[in-house]
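Structural overview
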Amino acid sequence: MTHPALELIDTIYTGNGWKVRLLCGYLGVTLQRRSLSIVEGDLDTEAFRRINPWGQVPVLRTREGPWLAESAAILWYLARGTDFLPTAALAQAQVLQWLFFEQTQHMVNLAQPRLWVELRGTMKRDDPAVLAWRELGDKALACMEAHLQLQHYFVGDRPSIADVALFPYTCMAEQGGYDLQPYPSLRRWLERMQALEGYVPLL
Ligand SMILES: N[C@@H](CCC(=O)N[C@@H](CS)C(=O)NCC(=O)O)C(=O)O
């Protein structure tokens, strides 16, 4: 039986989709990519809602056929059996810890200022909503900085999907008005991720 190719549906500028392409780059896995447009309403069509009723990208058509949503779930699916997902119970739980941190404390506070200030251009960098996101986002960045002062990667001594998940929106933080100067260990980690073989830029 032949399996369908892995297909990623994303948008051109999505950091959540970038995580998936980044991991595939590091793993040397080939993906078919189809980029949709949020402003053209592509995510509101019946066809797309059949793929993801929640109406968000990224979604991945798995080797088995069904579509999978949520970047963290997609990373986990792709990383199983590779060095990007450790097998020891504690290390796996630590990966999950950072994946949940990324979704609950990090991504929204870094992605929203970038979306409204840089991509849509409808908010200024000092808009009260942007300042509120940045206050919370800076707490997340400080937490990452403290961890990276102790070790080179988020879990163990080699990159995992915890690093892949945290990379895109940290890398693009300045587009939302963040200043990464106070976080030297974080900046060195960004450089380390960019230097890894197979690194794929956003564009
Ligand atoms: N928790 C989801 C968030 C996905 C998400 O926020 N996707 C954005 C693009 S980066 C989207 O599809 N936005 C369109 C919308 O919400 O209508 C994940 O990690 O995959």
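Residues numbered from 1 in each chain as written. Predicted model: local features only at pLDDT ≥ 70, side-chain atom pairs only at ≥ 80, totals over all residues. Heavy atoms only, no water.

- Going by the annotation in an unreviewed UniProt entry, the name recorded for the protein is Glutathione S-transferase, with Alcaligenes pakistanensis given as the source organism.

Regarding the site of the ligand
- Residues in contact with the ligand, as listed here, are T14, N16, I38, L43, Q56, V57, P58, E70, S71, Q103, M107 and Y169.
- Interatomic distance of 3.4 Å between a side-chain N/O atom of N16 and an oxygen atom of the ligand.
- Between the ligand and Q56, the relevant distance is 2.9 Å, taken from an oxygen atom to a side-chain nitrogen or oxygen of the residue.
- Out of a free accessible area of 520 Å², the ligand has 75% covered by protein chains.
- With respect to the pocket detection grid, the ligand is positioned in the largest pocket.
- Taken together, the residues of the shell around the ligand break down into six nonpolar, five polar and one charged.
- Both domain 1 (7-79) and domain 2 (89-195) contribute no fewer than three residues apiece to the shell around the ligand. (Near = heavy atom within 4 Å. Polar contact = N/O pair within 3.5 Å; in protein donor to acceptor, adjacent residues only side chain to side chain. Areas by Shrake-Rupley, 256 points an atom, 1.4 Å probe, with all protein chains shown as cover. 1 Å grid on protein atoms, 1.4 Å probe; cavity = no way out; pocket = protein on both sides within 12 Å on 5 of 7 lines; lining within 4 Å. Sits in = over half its atoms within 2 Å of the grid points. Nonpolar A, V, L, I, M, F, W, Y, C, P; charged D, E, K, R; others polar. Domains from an automatic or database assignment.)

Overview of the pattern of salt bridges
- What the rule picks out here adds up to eight salt bridges.
- Here D44 makes a salt bridge to R49, at a shortest N to O gap of 3.0 Å.
- Here R50 ties to E46 by a salt bridge, and the two come within 3.9 Å at their closest N and O atoms. Linking R50 with E46, this pair stays in helix 2 (residues 46-51), spanning four residues, or about one helical turn. (Salt bridge = Lys/Arg side-chain N within 4 Å of Asp/Glu carboxyl O. Helix = DSSP H or I, 4+ residues; strand = E, 2+ residues; numbered from the N terminus.)

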